[in-house]
Amino acid sequence: MSIQPIRYFGDPVLTTPASEVVDFDKELRRLVEDLTETMIDAPGAGLAAPQIGVPLRVFVWDVDEQLGHLVNPSLDLSEEMQEGEEGCLSFPELRYDTPRAMRAVAKGFNMYGEPVVVEGTAFLARALQHETDHLNGVLFIDRLPSDLRKQAMKDIRSADWFLEAQSLGTSPEIRISPHQTFGKGI
Ligand code: ZN
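It should be emphasised that the depicted structure is a prediction, and the values quoted were computed from it without experimental measurement.

A. Highlighting the pairing of strand S9 (residues 115–121). Strand direction decides the pairing type here: strand S8 (residues 103–109) and S9, joined by seven bridges, are antiparallel. Following the sheet pairing, Gly108 is matched in S9 by Val116. Linking two consecutive strands that pair antiparallel, namely S8 and S9, is a turn of five residues; a positive phi of about 85 degrees is found at Gly113 within it.

B. Examining unusual backbone geometry more closely. With an omega dihedral of -10 degrees, the bond running from Ala42 to Pro43 counts as a cis peptide bond. Positive phi, close to 50 degrees, is recorded for Asn72, a residue that is not glycine. Assignment of secondary structure puts Asn72 in strand S3 (residues 66–77).

C. Here's a closer look at the nonpolar core. Judged by nonpolar contacts, the single largest core of 17 residues is most densely connected at Phe9, Phe91, Ile141, Ile156 and Trp161. Contributions of two or more residues to this core are made by helix H3 (146–157) and helix H4 (160–167). At three residues, H3 tops the list of elements feeding residues into this core. The next biggest cluster of nonpolar side chains, apart from the first, holds 14 residues, and it includes Phe59, Leu70, Ala104 and Leu128.

D. Inspection of the pattern of salt bridges at higher detail. Counted according to the given criterion, the structure contains ten salt bridges. For Arg103, the salt bridge goes to Glu80, with nearest N and O atoms at 3.0 Å. Here Arg103, found in strand S8, pairs with Glu80, found in the loop between S3 and strand S4 (81–82); they are 23 residues apart in sequence, far enough to count as distant. For Arg103, a relative accessible area of 39% corresponds to the partly exposed category. Overlapping salt bridges, with partners in common, bring together Glu86, Arg100, Arg126, Asp133 and Arg143 in one network.

E. The arrangement of the packing of aromatic side chains in detail. Under the counting rule described, the total for this entry stands at nine aromatic pairs. Pairing Trp161 with Phe162 gives two aromatic rings, centres 6.0 Å apart and planes at 90 degrees, and the pair type is edge-to-face. A residue is classified by how much of its surface remains accessible, and Phe162, at 2% relative accessible area, is buried. One aromatic cluster is present, formed by Tyr8, Phe9, Phe91, Tyr96, Phe140, Trp161 and Phe162 through successive ring pairs.

F. Structural view of the confidence of the model for the protein chain. The pLDDT averaged across the protein chain works out to 91; a share of 90% of its residues lies at or above 70. Taken as a whole, residues 178–186 scores under 50 in pLDDT and shows 24 contacts with residues more than four places along the chain or in a different chain.

G. Expanded view of the environment of Leu94. You can see Leu94 is positioned in the loop between strand S5 (85–87) and strand S6 (95–97). With 65 residues separating them in the primary sequence, Leu94 and Ala159 have C-alpha atoms 8.9 Å apart. Not counting the four nearest positions on each side in its chain, Leu94 is found in contact with Glu86, Gly87, Cys88, Phe140, Asp155, Ile156 and Trp161.

H. H4, seen in detail. Of all the positions in H4, only Trp161, Phe162 and Ala165 are classed as buried. Buried residues along H4 cover an arc of 100 degrees about the axis, so they all sit on one side. Exposed side of H4, more than 90 degrees from the buried face: Asp160 and Ser167 are the residues found there. Tucked inside the fold, the buried residues of H4 contact H3. Directly after H4, the chain includes Gly169, whose backbone phi takes a positive value near 80 degrees.

I. Just the sheet that holds S8, in detail. Taken together, the five strands give an open sheet; going across it, the order is S1-S2-S3-S8-S9, and neighbouring strands pair in antiparallel fashion. Only two strands of the sheet have a single neighbouring strand rather than two, namely strand S1 (46–48) and S9. Ignoring strand direction, the axes of neighbouring strands in this sheet form an average angle of 40 degrees. In the sheet, S3 pairs with S8 via five bridges, with the strands oriented antiparallel. By the bridge assignment, Val71 is partnered in S8 with Phe109. Against the sheet, helix H1 (residues 26–41) contacts S1, strand S2 (58–63) and S3, and its axis sits at roughly 40 degrees relative to S2. Its contacts with the sheet put helix H2 (residues 122–135) on S1, S2, S3, S8 and S9, and the angle it makes with S2 is roughly 160 degrees.

Rules behind the numbers
Residues numbered from 1 in each chain as written. Predicted model: local features only at pLDDT ≥ 70, side-chain atom pairs only at ≥ 80, totals over all residues. Heavy atoms only, no water. Pairing = 2+ DSSP bridges. Helix = DSSP H or I, 4+ residues; strand = E, 2+ residues; numbered from the N terminus. Core = buried A, V, L, I, M, F, W, Y, C linked by side-chain atoms within 4.5 Å. Buried < 20%, exposed > 50% of the residue type's maximum accessible area, 1.4 Å probe, protein only. Salt bridge = Lys/Arg side-chain N within 4 Å of Asp/Glu carboxyl O. Phe/Tyr/Trp six-rings, centres within 6.5 Å; stacked < 30°, edge-to-face > 60°. pLDDT = per-residue confidence, 0-100. Contact = heavy atoms within 4.5 Å. Arc of directions from axis to C-beta. Axes fitted to C-alpha atoms, helices over the stretch in contact; angles between N-to-C directions.

If you want it as C-alpha cells, here you go:
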C-alpha cells in the first residue's frame, strides 16, 4: 500500500475517459488500497483512479464514516436535484455550489468481481456522481452554471497549485473540457 501523488487540473488524465476493469486481480486490489490510503491521507471524501494517474473505472469514498469502493459503475439518478458546495482533490481549496441529483443508485462490482448496488442520498449521492464523472473525464466545473464556471476558470488560473504545476511543466495548458454536460445525465 502506498500514498500516491494526486493529479491536478491541467493533467490530461483527468479529462480522458477511463477504461473498464477486465481483470479482478491482485493489481486491482492494490489499486483500491492505494486509492483508499491516498484519500484518507489527503483527506478527502472520494477519489477516482484517474486522479492518481490510473485510467481505470474504479473509485473509493469515505462518507458518513463509511468507506466504500466501486468498479465499473453505472448510475441511475433521481429527477429531484440538490444544491450544495462541492470541491475536488484535483482542484485544491476551490469549492463551488454544484447542482446534483438528490439520489443516486450505483451499480457495479467490488474488487473481487462480485456485483454491488450502492444507494445514496444527499452527500453520498453527490460523491457517487462526482466520482463517476471522473471516470468519464468529466470534472465538477463542467457541472457549474456558465457564469460560475467562468469564475472557477479565473480562480484556477491564479491558484498556487496551478501556477506551480505550470512552472514545472506538468500542466501544459488550460483546456476547456469538451464535455458540456450541464444537467444531470451522464
Ligand atoms: Zn474530484
